[in-house]
Amino acid sequence: MADERRDGYDGTGEGAITPDGCAVEVWTRLPAGDAPDVIEAAVPPGAHILELGCGVGRMTHPLTDRGFTVTAVDESADMLARVRPDVRTVRSPIEGLDLGERFDVVMLASFLVHAGDVTVRRGLLETCRRHVSEDGCVLVQREGEDWHRNVPRESSIGPDGRARLVSATPVGDGVNSVRFEYVFPDGTWTQTFLSRPLSTEAFERALAEAGLVVERYLTADRTWVRARPVL
């Protein structure tokens, strides 16, 4: 399975670049932030978690260290190579995944729900619904309401790195082409990807199409969401 670039997605810089334009080296440097705390507070202790789009294990590893059993899925072999060997990994595009298993928690982070292609988004959410147990939950990370309007902006990455959202350019059908730059003393990386802004109403409609309903918003900015399957 080759890591072929998806249409509308690109990346530059030293090292491997994934199909959606992510630089593997950059993702090894990005902190998990408070996400593991948010997740831990929202799910039962020791839950079995299916993490969709795990990358290099940025959240996989802290969740495993907190006693959760994580099955980590990513389409990039280069990303999965950075995940610790004590974690079960699966290489697959998310939208086509069918493990024939159900999990206490299914997690779709990294704003993947904003995929520019509606068919891909539906596939992502259907995968969540297909793998969550009847009494389980789905955790989704979504963009902030002004994410595409508050541009350009930048934030720090550790003591010496900067992440810059350079532009969010409309390309038709409600989709923006988004460009990020990651600047460190030893190099600069870029990622360009397609993102579809979703209002709260549009986001909840997308969940409903896949047989999911919002149970509660987990953070004040409403970017982390706990949903449950509609039975």
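The coordinates are above.
All values reported here derive from a predicted model rather than from experimental measurement.

Peer 1: Report on helix 6 (residues 200-209), specifying residues and quantitative values.
Peer 2: Along helix 6, the residues classified as buried are Thr 200, Ala 202, Phe 203, Ala 206 and Leu 207. Looking down the long axis of helix 6, one finds its buried residues gathered within 165° of arc, a one-sided arrangement. Opposite the buried face of helix 6, at more than 90 degrees from it, the exposed residues are Glu 201, Arg 205, Ala 208 and Glu 209. Those residues of helix 6 that are buried are in contact with helix 5 (118-131), strand 6 (132-141), strand 11 (212-217) and strand 12 (224-229).

Peer 1: Go over the pairing of strand 10 (residues 187-195) with me, naming the residues and quoting the values.
Peer 2: Counting buried residues along strand 10, seven of its nine residues qualify, which places the element largely inside the surrounding structure. With nine bridges connecting them, strand 9 (residues 175-184) and strand 10 associate as antiparallel partners. Residue pairing in the sheet places Phe 180 in a bridge with Gln 191 of strand 10. Count of turn residues in the strand 9/strand 10 antiparallel hairpin: two residues.

Peer 1: Give a detailed account of helix 2 (residues 35-42), specifying residues and quantitative values.
Peer 2: Within the sequence span of helix 2, burial applies to Ala 35, Pro 36, Val 38, Ile 39 and Ala 42. Buried residues of helix 2, seen end-on, are gathered within an arc of 160° and therefore sit on one face of the element. Next to the buried residues of helix 2 lie helix 3 (60-65), strand 5 (103-108), strand 6, strand 11 and strand 12.

Peer 1: Account for the sheet that holds strand 9, with residues named and values stated.
Peer 2: Reading across from one edge, 1-10-9-8-7 is the order of the five strands in this open sheet, with antiparallel pairing throughout. Sheet topology places strand 1 (10-12) and strand 7 (153-157) at the edges, where each strand pairs with a single neighbour. Ignoring which end each strand starts from, the neighbouring axes of this sheet average 20° apart. Summarising the sheet, strand 1 and strand 10 pair through three bridges and their orientation is antiparallel. Paired with Asp 10 across the strands is Thr 192, a residue of strand 10.

Peer 1: Describe in detail the nonpolar core, supporting the description with residues and values.
Peer 2: Ranked by size, the top nonpolar core spans 28 residues in total, and within it Leu 52, Val 106, Leu 108, Val 138 and Phe 203 carry the most contacts. Once you skip the residues sitting within four places of it in the chain, Phe 203 turns out to touch Val 113, Val 140, Arg 142, Leu 198, Val 214, Tyr 217 and Val 225. Within the second largest apolar cluster, 21 residues are counted, among which are Tyr 9, Trp 27, Trp 147 and Phe 193.

Peer 1: Quick rundown of unusual backbone geometry? Include the residues and the values.
Peer 2: The omega torsion across Val 151 and Pro 152 is -5°, close enough to zero to call that bond cis. Mapped onto the fold, Pro 152 is located in the loop between strand 6 and strand 7. Notably, Phe 111 is not glycine yet its phi reads approximately 60°, a positive angle. A relative accessible area of 30% means that Phe 111 is categorised as partly exposed. Even without glycine at this site, Asp 173 takes up a positive phi of about 60°. Turning to its location among the elements, Asp 173 is positioned in the loop between strand 8 (161-172) and strand 9.

What counts and what doesn't
Per chain, residues are indexed from 1 in the order of the written sequence. Selection of residues for local features in this predicted model requires a pLDDT of at least 70, selection of side-chain atom pairs for listing and counting requires 80 or more, and totals for whole chains, interfaces and linings are taken over all residues. The side-chain numbers reported here are obtained from all heavy atoms of the structure, hydrogens and water having been left aside. Only protein chains enter the area calculation, which uses a 1.4 Å probe; residues under 20% of their type maximum are buried, those over 50% are exposed, and those in between are partly exposed. Numbering goes from the N terminus for both helices and strands, where a helix is a DSSP run of H or I of at least four residues and a strand is a run of E of at least two. Comment: arc refers to directions from the helix axis out to C-beta atoms. Any two residues whose heavy atoms approach within 4.5 Å at even a single point are treated as in contact. Paired strands, as defined in this entry, are two strands with at least two bridges between them according to DSSP. Helix axes are fitted to C-alpha atoms over the stretch in contact, other axes to C-alpha atoms as well, and angles between N-to-C directions run from 0 to 180 degrees. Nonpolar cores are built from buried Ala, Val, Leu, Ile, Met, Phe, Trp, Tyr and Cys residues. Side-chain atoms within 4.5 Å join them into one set.

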